[in-house]
Amino acid sequence: MARIIVVSAAEFGRAATEMIIYHFLTHRRPVVCWPSGSTPREVYAVLIEETRRGTISFVNVESFALDEWGEVSDVRLSCAYDLRSRVFDRVGVPERQVHVWPPRATPEDCIAYESLIADCGGLTLGVLGIGLNGHVGLNEPGSDVDSRTRIVTLTPLTQRLARKNYGFPHPPAYGVTVGLATLMESRELLLLAQGSTKAPIIRRLLQEAPSEALPASLLLDHPHLTIMIDSDAAQGILRIPIWHQSSQTQEGNVT
Ligand code: GLP
């Protein structure tokens, strides 16, 4: 059953971080997968601040990158670099507890990654962004709810956005991602969306029946899913017919 929290754009980073802090404080050994991209940047800045302040510590945290591009001509374009430079290297997380993919990951690397998550006892928290096509991680439309960590072919939209938003001279054709089944097994999920460009996909997420066409919707059945969005990404959600919201509630999808 998803809990939807709408906060102002100014409060978004702090509010999302408070949820992560609470998770850290209530789990002896958090096992977390982290997204790259623009959405969590403020969250990572607040996490650094709170770590320096001593509110939380990463000493007991196992950190997994949620996804990775398949072909990166410059290492600075990789999700691993993004996560290391924006958070991992700045919060004192022990290197043995940082898990990212090697460049040009193979199917064997994906199997090893999945096993590593299992060896850690499974994820306790999956922090997620959402793509304009509804992908989570790089679980693109068409991804199966039973999917595991694997190599995925990127859609033309994701490739275009990789060029536009992250500066890829040549968009990658494929990526690797933690699978939907692995995310579903996480004890908690926190899906973040910020900004008006995400408003249409958030409306679709809350309006449409869950399907593989919108991978994030397959997570709506998770027992502890929080969707935190800022007011810009929430534009129009109050116009979603109330009958639809309540019918989803009866199905146990949305509160
Ligand atoms: C990208 C990333 C995901 C990210 C999502 C949203 O393709 N691979 O990990 O969560 O799409 O990105 P952004 O936050 O930049 O909008």
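Residues numbered from 1 in each chain as written. Predicted model: local features only at pLDDT ≥ 70, side-chain atom pairs only at ≥ 80, totals over all residues.

Caption draft 1: Main features of the overall build of the chain. What the chain contains, in helices and strands, is 8 helices and 10 strands. Relative to the 2.2 N^0.38 estimate, which gives 18 Å for 255 residues, the radius of gyration of the chain is 17 Å and therefore close to what a compact globule would have. Looking at the chain residue by residue over its 255 residues, the buried ones come to 41%. Sequence separation of 24 or more characterises 80% of the internal contacts of the chain that already satisfy a separation of 6 or more. (Helix = DSSP H or I, 4+ residues; strand = E, 2+ residues; numbered from the N terminus. Rg over C-alpha atoms; globule rule 2.2 N^0.38 Å. Buried ≥ 20, exposed ≤ 12 C-beta atoms within 10 Å, placed from the backbone. Contact = placed C-beta atoms within 7 Å.)

Caption draft 2: Inspection of the sheet that holds strand 3 (residues 62-65) at higher detail. Reading across from one edge, 1-10-9-6-2-3-5 is the order of the 7 strands in this open sheet, with parallel pairing throughout. The open sheet is flanked by strand 1 (2-7) and strand 5 (98-99), the only strands paired with a single partner. Both strand 9 (residues 188-193) and strand 10 (residues 225-230) contribute to a ladder of 5 bridges, which runs parallel. Within the sheet, the bridge partner assigned to Leu189 lies in strand 10 and is Leu225. (Pairing = 2+ DSSP bridges.)

Caption draft 3: Spotlight on the site of the ligand. Around the ligand sit 13 residues, and of these Pro35, Gly37, Ser38, Thr39 and Gly129 come closest. Per-class residue counts for the shell around the ligand are 3 nonpolar, 9 polar and 1 charged. (Near = placed C-beta within 6 Å. Nonpolar A, V, L, I, M, F, W, Y, C, P; charged D, E, K, R; others polar.)

Caption draft 4: Representation of the environment of Cys110 within the structure. Within the element layout of this structure, Cys110 appears in helix 4 (residues 107-119). Residue classification places Cys110 among the buried residues on the basis of 20 C-beta atoms within 10 Å. Sequence spacing of Cys110 and Ile151 is 41 residues, and the spatial spacing of their C-alpha atoms is 7.4 Å. What Cys110 contacts, discounting residues up to four positions off in sequence, is Ala105, Thr149, Arg150, Ile151 and Val176.

Caption draft 5: Structural context of the nonpolar core. Judged by nonpolar contacts, the single largest core of 59 residues is most densely connected at Val32, Ala65, Leu128, Leu190 and Leu191. Looking at this core element by element, the count peaks at 5 residues for strand 9. Among residues more than four places away in sequence, those in contact with Leu191 are Leu128, Ile130, Ala216, Leu225 and Ile227. (Core = buried A, V, L, I, M, F, W, Y, C linked by C-beta atoms within 7 Å.)

Caption draft 6: Region of the structure containing helix 7 (residues 199-207). Those residues of helix 7 not exposed but buried are Ile202, Leu205 and Leu206. Projected onto a plane normal to the axis of helix 7, the buried residues spread over an arc of 90° and lie on a single side. Summarising the contacts, the buried residues of helix 7 are in contact with strand 9 and strand 10. (Arc of directions from axis to C-beta.)

Caption draft 7: Geometry of the pairing of strand 8 (residues 174-177). With 3 bridges joining them, strand 4 (residues 67-69) and strand 8 adopt antiparallel strand pairing. Residue pairing in the sheet places Glu68 in a bridge with Val176 of strand 8. With 4 bridges joining them, strand 7 (residues 150-153) and strand 8 adopt antiparallel strand pairing. The residue bridging Arg150 from the neighbouring strand is Thr177, located in strand 8.

Caption draft 8: Seen up close, the confidence of the model for the chain. For the chain, per-residue confidence averages 93 on the pLDDT scale, and residues scoring 70 or more make up 94% of the total. Under a pLDDT of 50 for its full length, residues 246-255 has, in the predicted model, 17 contacts with residues more than four places off or in other chains. (pLDDT = per-residue confidence, 0-100.)

Caption draft 9: Summary view of the pairing of strand 6 (residues 125-128). Going residue by residue along strand 6, you find Leu125 and Val127 tucked away on one face and Gly126 and Leu128 tucked away on the opposite face as well. Two strands pair when backbone bridges link them, and strand 2 (residues 31-34) and strand 6 are joined in this way by 2 bridges, in the parallel orientation. Bridge assignment links Val32 to a residue of strand 6, and that residue is Leu125. Pairing geometry for strand 6 and strand 9, over 4 bridges, is parallel. Across the sheet, the residue bridging to Leu125 is Glu188, located in strand 9.

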